[in-house]
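# A look at the structure
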2 protein chains.
Amino acid sequence: MSGNNSQPGRTVASRMLAILDAFDFEHPKLTLSDLARRADLSLPTTHRLVGELTRWRGLERDDEGKYRVGLRLLELGLLSGLHTQLRDVAMPFMQELYESTRENVHLAVRDGDKVLYVEKLTGHRSVPIISRTGGRLPLHTTGVGKALLAWASTADIDDHLSRQLSRPTRYSIREPGRLRHDLQRTRRRGFATTREEMTLGSCSVASPVLVDDEPVAAVGVVVRSSRLELDRLAQPVLSAARGIGARLSEIGDDPYPGYVHDFARPLP
Amino acid sequence: MSGNNSQPGRTVASRMLAILDAFDFEHPKLTLSDLARRADLSLPTTHRLVGELTRWRGLERDDEGKYRVGLRLLELGLLSGLHTQLRDVAMPFMQELYESTRENVHLAVRDGDKVLYVEKLTGHRSVPIISRTGGRLPLHTTGVGKALLAWASTADIDDHLSRQLSRPTRYSIREPGRLRHDLQRTRRRGFATTREEMTLGSCSVASPVLVDDEPVAAVGVVVRSSRLELDRLAQPVLSAARGIGARLSEIGDDPYPGYVHDFARPLP
């Protein structure tokens, strides 16, 4: 196995980041040897770096000796602007959307050719779904993804359509002509829909959150296919997306909008 | 200023973690020189490590040259067990609690002498509050904190009571005798209350989430002081806490409980 000595050009910092990169959705828990293999590091190097990360509480070790992401990394992640600004601003609008639909409500951002789910509201009666906060799914098979792609630049859309796109179900749209048509319709109507394109049995409606005409995020709901009135869900989804966009434009650069900063002062 | 050379014992890994540790709630955005000072590193070392972290997208640089936590660290944090297990299991119960109260609903865990807020649901009409996901507040002045402390071991409680405790408002309880009495009452009743002990104008009710009699988290609501019927909020809070505890005991070690793993299979 290649390790420390075989790659003298790798910095210690990049080795530490490679260990963190070993974790993903399909691999939330890893043994020391899994980590060494996935990070392409020797076992002693991995052991030392994992030890530092664990003492720092960025990783934690369970009873079976498997490692997973720990409290310190969650705490840091929650300081990101995606969380303190986007997610916190979006929450009351997502809450309203949840109450009016009782379905899974998502907030997602684009990351390359994927959507990253930043927040999800779900109730006991919502349809079980595969999207997970912190998870990624393709742009072209999800409502939030199509909403983000439809507001991208022409060059960006062309580039996306020229790729070999995945087909998670037989209803996924990956033919360039059909997908382009779908994106044009999405843009015209202001919202995207998917019908079993990601998961058999579930459909979605989503709309982009626009700030200065840029799609900074998308908000959407996922419902059972038996709930066929997708277009009727469009109005609450559109209102939520517009509300979030307007509020984001308003707050500008405040890292904690809407919070009480001085807690010894009586509330308004 | 001390830096690279003055502390030859510091490893590169620990220097990188010191840069991440420079960010906290009061300091979500930092310049390069802020980072160097707070991490106690030379400017060249800071520059190099921040460069690596930024290319990795763990940090991002805004238009004014300030750095903050980026997408990659949020994404990693969302893989933690606190998020995928605790938070995801708790969400539908928190949602019910929100619907029955319309108030801020919190999920928090203990971290030493603080509570760390893992999730918060909030609506447009909820009282503005200082708790923030990813933020920490003292154990003895918050509902979730007192709920967690009340179920701690006797030695742990004694240790906590022997400290010099903070007093964010004039109603904060920090006298050992009064606080012990309050914790005993909390334990007897099954839920904690606070009355303007953290923030003037707001009160809270919280209950611990118990798994094998261990307090693994606490769930609570924060309301305006004018809403005086705190004890009436106890029942929905207790139900949520018990529901989450029962579900956590059920799922055991599943890293993604309740999710559909095979997305090409029709939903149940």
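Rules of the game
Residues numbered from 1 in each chain as written. Chains lettered and ligands numbered in written order. Predicted model: local features only at pLDDT ≥ 70, side-chain atom pairs only at ≥ 80, totals over all residues. Core = buried A, V, L, I, M, F, W, Y, C linked by C-beta atoms within 7 Å. Buried ≥ 20, exposed ≤ 12 C-beta atoms within 10 Å, placed from the backbone. Contact = placed C-beta atoms within 7 Å. Helix = DSSP H or I, 4+ residues; strand = E, 2+ residues; numbered from the N terminus. Pairing = 2+ DSSP bridges. Domains from an automatic or database assignment. Nonpolar A, V, L, I, M, F, W, Y, C, P; charged D, E, K, R; others polar. Axes fitted to C-alpha atoms, helices over the stretch in contact; angles between N-to-C directions. Expected span 1.5 Å × (residues − 1). Arc of directions from axis to C-beta.

Generally speaking, a soluble globular protein has its nonpolar side chains buried in company with each other. Counting residues in hydrophobic clusters, the biggest one holds 141 residues, and the most contacted among them are Met-94 and Val-219 of chain A together with Met-94 and Val-219 of chain B. Setting aside anything within four residues of it in sequence, one finds Met-94 of chain A in contact with Val-105, Leu-107, Glu-119, Leu-121, Val-219 and Ala-240 of chain A.

Moving on, we get to helix H1 (residues 12-21) of chain B. Buried within H1 of chain B are the following residues: Arg-15, Met-16, Leu-17, Ile-19 and Leu-20 of chain B. Residues of H1 of chain B that are buried in the fold lie against helix H1 (12-21) and helix H4 (71-77) of chain A together with helix H2 (32-39) and helix H3 (43-55) of chain B.

This part is about the pairing of strand E8 (residues 214-224) of chain A. Residue and element names in this part refer to chain A. Among the 11 residues that make up E8, 8 are buried, leaving the element largely enclosed by the rest of the structure. Here strand E7 (residues 202-211) runs beside E8; their pairing, made up of 10 bridges, is antiparallel. Note that in E8 the partner of Val-209 across the bridge is Ala-217. Between E7 and E8, which pair antiparallel one after the other, the connecting turn spans 2 residues, and Asp-212 there sits at a positive phi close to 50°.

In this section: the domain arrangement of chain A. Residue and element names in this part refer to chain A. Assigned domains within chain A: domain 1 (12-76) and domain 2 (78-251). A C-alpha centroid distance of 32 Å is found between domain 1 and domain 2. With 4 residues of domain 1 at the contact, the number on the domain 2 side is 4 residues. Here the residues of the side of domain 1 that touches domain 2 sort into 3 nonpolar, no polar and 1 charged.

Residues and elements named next belong to chain B. An order of E5-E4-E3-E8-E7-E6 is seen for the 6 strands of this open sheet, with the pairing classed as antiparallel. Edge positions in the sheet fall to strand E5 (136-138) and strand E6 (192-195), since each has one partner strand and no second. Looking at each pair of strands side by side, their axes are set apart by 30° on average, direction ignored. With 7 bridges joining them, strand E3 (residues 104-111) and strand E4 (residues 114-121) adopt antiparallel strand pairing. Each residue of the ladder has a partner; that of His-106, found in E4, is Lys-120. Seen against the sheet, helix H6 (residues 143-150) touches E3, E4, E5, E6, strand E7 (202-211) and strand E8 (214-224) and runs at an angle of roughly 35° to E7.

With a phi angle near 55°, Glu-196 of chain A is a residue other than glycine that sits in the positive phi range. The phi dihedral of Asp-213 of chain B falls on the positive side, at around 65°, and the residue is not glycine.

Moving on, we come to helix H8 (residues 176-189) of chain B. Residues and elements named next belong to chain B. Taking 1.5 Å per residue as the helical rise, H8 with its 14 residues ought to reach 20 Å, and the 20 Å between its terminal C-alpha atoms agrees with that figure. Along H8, the residues classified as buried are Leu-179, Asp-182, Leu-183 and Thr-186. The buried residues of H8 occupy an angular sector of 100° when the element is viewed end-on, so they sit on one face. Those residues of H8 that are exposed and angled more than 90 degrees off the buried face are Gly-177, His-181, Gln-184 and Arg-188. For H8, the elements touching its buried residues are H6, helix H7 (154-161) and E6. Gly-190, located one to two residues past H8, shows a positive phi value of around 95°.

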